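Fold and geometry: a report
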Amino acid sequence: MSTVVDRLLDRLAELKTEANAKIQEITSEPQVQDLRTMYLGKKGKVSEVLKSLGDVDGKDRPKIGQEANELRDFLESELRSGQTRLETARIEAEIAKESIDITLSGMRAPLGALHPLMQVRDRMIDIFSGIGFSVVEGPEIETDFCNFEALNVPADHPARDMQDTLYVRENIVLRTQTSSVQIRTMLAEKPPIKVIAPGAVYRNDDVDATHSPMFHQVEGLYVDESVSLEELKGTLEYFAKEMFGPKTKIRLRNSYFPFTEPSVEVDCTCIFCKGRGCRICKQSGWIEILGAGMVHPSLFEKVGYPEGKYTGFAFGMGIERIAMLLYGVDDIRLFYENDIRFLEQFR
Amino acid sequence: MKISLSWLKEYVDLPQNVTADKIAEKLTYAGLEVEAIEDQGMGLDKVFVGAVLEKRQHPNADRLSLTKVSVGKALGDEEKILHIVCGAQNIAKGQKVPVATIGAVIPDGLEIKLSKIRDETSEGMLCSPTELKINHPEGEKGIYILDNSAETGTPFAEYLGKNDVVFDLSITPDRGDALSHIGVARDLAALFDCKLKIPEPRLSEMESPCEVSITSEIPKHCPAYFVRYIEGVKVGPSPSWLRKRIEAIGLRSTNNVVDISTYVMFEIGQPIHTFDANTLVEDNRIKITIRDGKEGEEFLTISHRELNLNSNDIVIAAGEKEQITAAMAGVMGSNQTEVSDATSNILIESAIFDAARVRATSRNYTMLTDAAYRFERKVDPARLAWACDRTAELIVKVAGGKVGHRVENAEAKTALEVNTHTITVSLREITRLLGKAPEPATITKLIGRLGFGVKALGEEGFVFTVPTWRNDVHVAEDIIEEIIRLWGFDKLTSKLPEAFVKNETAVTVQERQLRTIRKLLTAWGFSEALNFTFTNMEAELLGLNNWLKASKSIDDEVIQKELDKDFVRLESPLGESFNLLRRDLLPGLVRNARLNASHRMHDIRFFEIRPTFHSVGPTKKSDPRTETLTKENLRLAFLAGGATIHEDWQGEKDSIHFYDMKGWLELVLGAFGKQSGVRFVKPDKVEEIPYHMHPGQTALLMQGNRPLGYVGQVHPYVCKQNDIRVNLYGADLDLNWALSFEERKHRFKTFGKFPNVERDFSATVAESISADNLRNTIKSSVKDLLRDIKFFDVYRGERIPKGHVSYAFRVVLGSDKGTLADKEVQDVQQKIISTLQDKYQAQFAGL
């Protein structure tokens, strides 16, 4: 009796050796399935052994069954690792073939640039809106009243020499300064007013590296019952630090604008030499960036505000000037040529 | 304006050791901006007059000599003799020469050091005129040989008379009072808290041998006119002290009399004119009349310009019949009455002329003289007589002569009785405007030094009396400016205003929307352009006129009419090329494309957001203060042409076409929010298409009858004319309209719970039937169940009849109530087919 059991056990051991040898030799994925069918399929060689179980004594059957199942598990696991080995080899081969030249450029759709002047303008709007200034705009074609008269510049005033004006017709001009928006804003609204007005302005200048008949300014106006020069100083210092860096300092110098009193010109520490003195700042360490002052009381009178009720400050600065400083642009004409080689540097 | 430091020091005792830099800084902070400091002696520090004591041959070099040079006591209490090696051939014992001692940095940049030249020590350098940057006939040739009278050890700058410092000041138009040395000295006296000294003229007068009378016919415009007659002057070159001063401030010395009038003007700020009195005399009398010019009155200026005057000019006439036109008042004298070398008797004029009229005359003839400049900014009425006397005093000093009495017009006395005006300012006002205020005593001191009367009222503040020369000070704020500019802006603390936002303005909201659009456009490859507002007809036509004329497709006049419509024209243009303002943005972008094409940049994507300008008629309720009879309309234009991807090495590139452009425009519209009734229209008449656009590839964007913009191909002639090798596509949109919508608000909608069903169709219709026709018909026939229609193919060709087009499209159907049953889908499908068959005789594939 024991011979049947022994024979079956021998057969299983023999199958194990035989199958394992074949599995180790497989070279293609279909062979895996073939071997699986050959040994583990319903009509496979392991099943065949189990079919002979009927001839075995009842007490020996579990032993044979256990051996057979262990063999199945063993072969299944070997087949799987065989399969994995083949797959890995195939994928590895594919990967090896897929190597590419990564130095070729990426597929770039074109990317446009915002105009550098508009970037500076946007930044200024962001800085001032961060401390509560709203944006207003006025027309570029302006009346003599808003551009000059209400700003204390009557027809024969020497201050008109400071700006050569382009006329559309008598009393209608291309605005020479965004300060005209101060008047329009105050005509339309009662204080408190806290606005900035960015926009294009015009002068009758010939074009050269530092002059352009069209350029841009940002005007600021803050009017309330008790606005002080110290607040103007604080506001401009905040602006300069935000625009040029936290270590920037400013200084106020007395100056003259017909529509502010007191009037100041504002310098900030030279952004190139950080105040040590260089060619750009003519060794002074300072660079002029804007004009400002306390709103002249006659403006309040012109727009019909009650006498003595309000004070305010106003400031105005050239966007081109600040952009030229920030970006190191040495010729103002570049801003209006729209040469892609220029614009794309500001992407 | 140039101001000499040595001249300034005659009027103000500045603290010892104060440097020119410190003075410049103080002036600049206080509003008299120093633009440049010219140190005449620059580079001449440590250069002295030396005496050559000995000269012998250098033992080791044929071309060099060894010298012993004394620099006297220049370097210490004892006389110093220097050993100097010299290469020049022109020196000899006993000569005086400039010696640069150790430590000097001479004007050509060389620093002088102790050195050994071929084993011989050299303790300095003997200098040539070139090395010192001095124009001299010796030039390169050798050492500068000085006058033998020069004293050994004198600083060389002093020997040259170049020991002054000159400030170049930029004076703002309000500060007419600061256009002179005394004016600047007055500010310095306040800034350095020191005393101002104004000289008093001393004259010995005589009975004038010549009777002088003055009549001002226009006392309003010439309220005061002072003269003095001087007999027997000797006109000649100015003495060196005078010449030096005149040259220091950048002017050229003329003669002693003219130089003195210039001197007094730059001393006190009052323009002075001197006439050759003999040219004015009739019968031993001088009769001066100040009157309006006559139309066409002939006038020959000192500078030899022939002018024809007009009634706006003020004229100084002489003679019984006023027949001698002696001067254009306040601007320039006549050639005929000019002081020359032959002049022996002179008449000094010191007067006031109306600022506006002087300004007009000076502009009209472009004669921007120093005198006119000062009259325009108003002179000090209290200094008229002083200036007249001071001129007489100095002329006698430098040119001799006897001075007659001062004569003036009848109105002068009353006219000059200035009502001193006072301004009351409280401490509260000062603190309110500045944020803080100096001590009352400081205020009194600072403002008092400027020559203001100051009366302190304790708590109430101050009463300030404005001096006659400060015609720019009228209100409390002007006084407060004086206080802060002298006290110093650095005394103020920086404070941020209270952080409040009153209301977000409409523009702030629009600004946000525009930023979204601008970011989108840059992400699609468009760069933001900025063009001048000015343009001209030729530029706007883009060279199209000739082509269109040749092709006869559009009459030239039609374009002209279109262009003429509502252009805003400049009355004072910047030349012919800038006489109109843009009323369309796209031509500017095309010109940008042309510029870039000329640099071989053919792939173009630009956008611009700017107003266009249009003339309009008056509105009903127009306020003359703000009405300009023009309209500004914010627009967006964008232009593209060339490859869809720039950096592509993988074969064929696609080119941008109409539908790319239309797609971008649709996305832009979408970003502005919901707009009803907006549609793209292909106009029937070619005239409705902008002249610079392709007649078959342009769509107008309309809402009802309102045109909002356009999109299409730029006219092929434009590219041809402008050497642009790719097809350009452009779009234009009215942003005033687009921004008038409420900001887009996002609102979440739940997804449909039930799956959608898709059905594809292929319909062949006559070419005149557009995709829009099909889309709209399907929309109105399917209604509720329709989710979307997508066109995915358009075919024209041999497989379908001529004059037909085949559209393939996908209809997406769905319902919120449940999954659509097959029957429902089939019904809809059938309805679409039958409607299109009925309406457009559509042929469906597979039917």
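The structure displayed is predicted, hence computed values, not measured ones.

A look at the overall build of chain B
A tally of helices and strands in chain B yields 23 helices and 38 strands. Radius of gyration (C-alpha) of chain B: 42 Å, far over the 29 Å computed for a compact globule of 847 residues. Along the first, second and third principal axes, the C-alpha set of chain B runs to 125 × 85 × 70 Å. By the burial criterion, 51% of the 847 residues in chain B qualify as buried. Accessible area for chain B stands at about 40,900 Å²; split by element, carbon and sulfur atoms hold 48% of it. Side-chain charges of chain B comprise 109 positive and 120 negative groups, with the mean position of each set lying 6 Å from the other.

As for the sheet that holds strand S1 (residues 2–4) of chain B
Residues and elements named next belong to chain B. The antiparallel open sheet is built from three strands, whose spatial order is S1-S10-S2. The sheet terminates laterally at S1 and strand S2 (33–39), the two strands that pair on one side only. When strand polarity is set aside, the average angle formed by the axes of neighbouring strands in this sheet is 25°. The pairing of S2 with strand S10 (residues 165–170) spans six bridges and is classified as antiparallel. Note on S10: the bridge partner recorded for Asp-39 is Val-165.

A short note on the domain arrangement of chain B
In terms of domains, chain B is made up of domain 1 (2–40 + 164–191), domain 2 (47–160), domain 3 (211–416), domain 4 (422–487), domain 5 (513–617 + 629–645 + 668–738) and domain 6 (757–844). Here domain 4 of chain B and domain 6 of chain B have C-alpha centroids that lie 85 Å from each other.

Considering the interface of chain A and chain B
On the chain B side, the residues contacting the 103 residues of chain A number 95 residues. Of the roughly 8,200 Å² buried where chain A meets chain B, counting both sides, 58% is carbon and sulfur surface. When residues of chain A are sorted by the area they lose upon contact with chain B, Pro-110, Glu-230 and Asn-254 of chain A head the list and together hold 9% of the total. As a salt-bridge pair, Glu-140 of chain A and Arg-610 of chain B come within 2.8 Å of each other at their nearest N and O atoms. The tally of links between chain A and chain B comes to 42 residue pairs in polar contact (both at pLDDT 80 or more). When residues in the side of chain A that touches chain B are grouped by element, the largest group, eight residues, is from helix H8 (residues 229–244) of chain A. Here the residues of the side of chain A that touches chain B sort into 47 nonpolar, 23 polar and 33 charged.

Overview of the environment of Gly-65 of chain A
Inspection of the secondary structure puts Gly-65 of chain A in helix H4 (residues 61–97). On a C-alpha basis, the gap between Gly-65 of chain A and Leu-53 of chain A in space is 8.3 Å, while along the polypeptide they are 12 residues apart.

A look at the sheet that holds strand S29 (residues 604–615) of chain B
Residue and element names in this part refer to chain B. An order of S26-S29-S30-S34-S33-S32-S31 is seen for the seven strands of this open sheet, with the pairing classed as mixed. A strand with exactly one partner marks an edge of an open sheet, and here the two such strands are strand S26 (527–528) and strand S31 (678–681). Note: strand S32 (residues 693–703) against strand S33 (residues 706–714), seven bridges, orientation antiparallel. Bridging from a neighbouring strand, Leu-701 pairs with Gly-709 of S33. Docked against the sheet, helix H14 (residues 506–523) engages S26, S29 and strand S30 (630–641), running at close to 145° with respect to S29.

Observations concerning the pattern of salt bridges
On inspection of all chains with the given rule, the structure shows 69 salt bridges over all chains. A salt bridge links Glu-33 of chain B to Arg-253 of chain A; the shortest N-O distance between them is 3.9 Å. A residue pair is termed interchain when its members come from two chains, as with Glu-33 of chain B in strand S2 and Arg-253 of chain A in strand S7 (residues 250–257). Between Asp-827 of chain B and Lys-823 of chain B there is a salt bridge, with the nearest N and O atoms lying 3.1 Å from each other. Placement of the pair is Asp-827 of chain B and Lys-823 of chain B together in helix H23 (residues 822–840), with a separation of four residues, close to one helical turn. Taking relative accessible area as the criterion, Lys-823 of chain B reaches 54% and is therefore assigned exposed. When salt bridges with common partners are traced through the structure, they connect Arg-121, Asp-122, Asp-126 and Glu-137 of chain A together with Glu-511, Arg-515, Arg-518 and Glu-528 of chain B into a single cluster.

Let's talk about the domain arrangement of chain A
By domain assignment, chain A separates into domain 1 (2–97) and domain 2 (116–346). Distance between the C-alpha centres of domain 1 of chain A and domain 2 of chain A: 89 Å.

Notes on the side chain of Ser-298 of chain A
Relative to the elements of secondary structure, Ser-298 of chain A occurs in helix H9 (residues 297–302). There is a polar contact of 2.8 Å between the side chain of Ser-298 of chain A and the side chain of Asn-152 of chain A.

Concerning the packing of aromatic side chains
Applying the stated criterion across every chain, the model contains 31 aromatic pairs over all chains. Between Tyr-305 of chain A and Tyr-310 of chain A the ring centres are 5.3 Å apart and the planes differ by 65°, which places this aromatic pair in the edge-to-face class. Overall, Tyr-310 of chain A belongs to the buried group, its relative accessible area being 10%. A centroid spacing of 5.8 Å and a plane angle of 75° characterise the contact between Phe-335 of chain A and Phe-342 of chain A, whose relative ring orientation is edge-to-face. Across the pair, Phe-342 of chain A and Phe-335 of chain A agree in class, each one buried. Over the ring of Phe-567 of chain B we find Arg-583 of chain B; its NZ or CZ atom is 5.6 Å from the centre of that ring.

Describing the confidence of the model for chain B
Mean pLDDT over chain B works out to 90, with 96% of the residues at or above the 70 mark. Across chain B, S26 of chain B holds the top mean pLDDT of 98, while helix H17 (residues 556–564) of chain B sits lowest at 66.

Some points on the pairing of strand S11 (residues 211–216) of chain B
Residues and elements named next belong to chain B. Here S11 shows a clear split, with Val-212, Ile-214 and Ser-216 buried on one side and none of Glu-211, Ser-213 and Thr-215 buried on the other. When S11 meets strand S15 (residues 285–292), the two strands line up parallel, connected through six bridges. Considered in S15, the bridge of Ile-214 is made with Ile-288.

Here's the deal with the packing of helix H2 (residues 20–29) of chain B against helix H4 (residues 181–191) of chain B
Residues and elements named next belong to chain B. At their nearest, the axes of H2 and H4 sit 10 Å apart, and the two run at 95° to each other. Between H2 and H4, the crossing angle belongs to the class labelled roughly perpendicular. Contact residues: Ile-23, Lys-26 and Leu-27 in H2; Val-184, Leu-188 and Leu-191 in H4. Taken together, the residues of the contact of H2 with H4 break down into five nonpolar, no polar and one charged.

What counts, and at which threshold
Residues numbered from 1 in each chain as written. Chains lettered and ligands numbered in written order. Predicted model: local features only at pLDDT ≥ 70, side-chain atom pairs only at ≥ 80, totals over all residues. Heavy atoms only, no water. Helix = DSSP H or I, 4+ residues; strand = E, 2+ residues; numbered from the N terminus. Rg over C-alpha atoms; globule rule 2.2 N^0.38 Å. Buried < 20%, exposed > 50% of the residue type's maximum accessible area, 1.4 Å probe, protein only. Areas by Shrake-Rupley, 256 points an atom, 1.4 Å probe, with all protein chains shown as cover. Lys, Arg positive; Asp, Glu negative; His and termini not counted. Charge placed at Lys NZ, Arg CZ, Asp CG, Glu CD. Pairing = 2+ DSSP bridges. Axes fitted to C-alpha atoms, helices over the stretch in contact; angles between N-to-C directions. Domains from an automatic or database assignment. Contact = heavy atoms within 4.5 Å. Buried area = accessible area lost by both parts, 1.4 Å probe. Salt bridge = Lys/Arg side-chain N within 4 Å of Asp/Glu carboxyl O. Polar contact = N/O pair within 3.5 Å; in protein donor to acceptor, adjacent residues only side chain to side chain. Nonpolar A, V, L, I, M, F, W, Y, C, P; charged D, E, K, R; others polar. Phe/Tyr/Trp six-rings, centres within 6.5 Å; stacked < 30°, edge-to-face > 60°. Lys NZ or Arg CZ within 6 Å of the ring centre and 35° of its normal. pLDDT = per-residue confidence, 0-100. Parallel < 35°, antiparallel > 145°, perpendicular 65-115°, else oblique.

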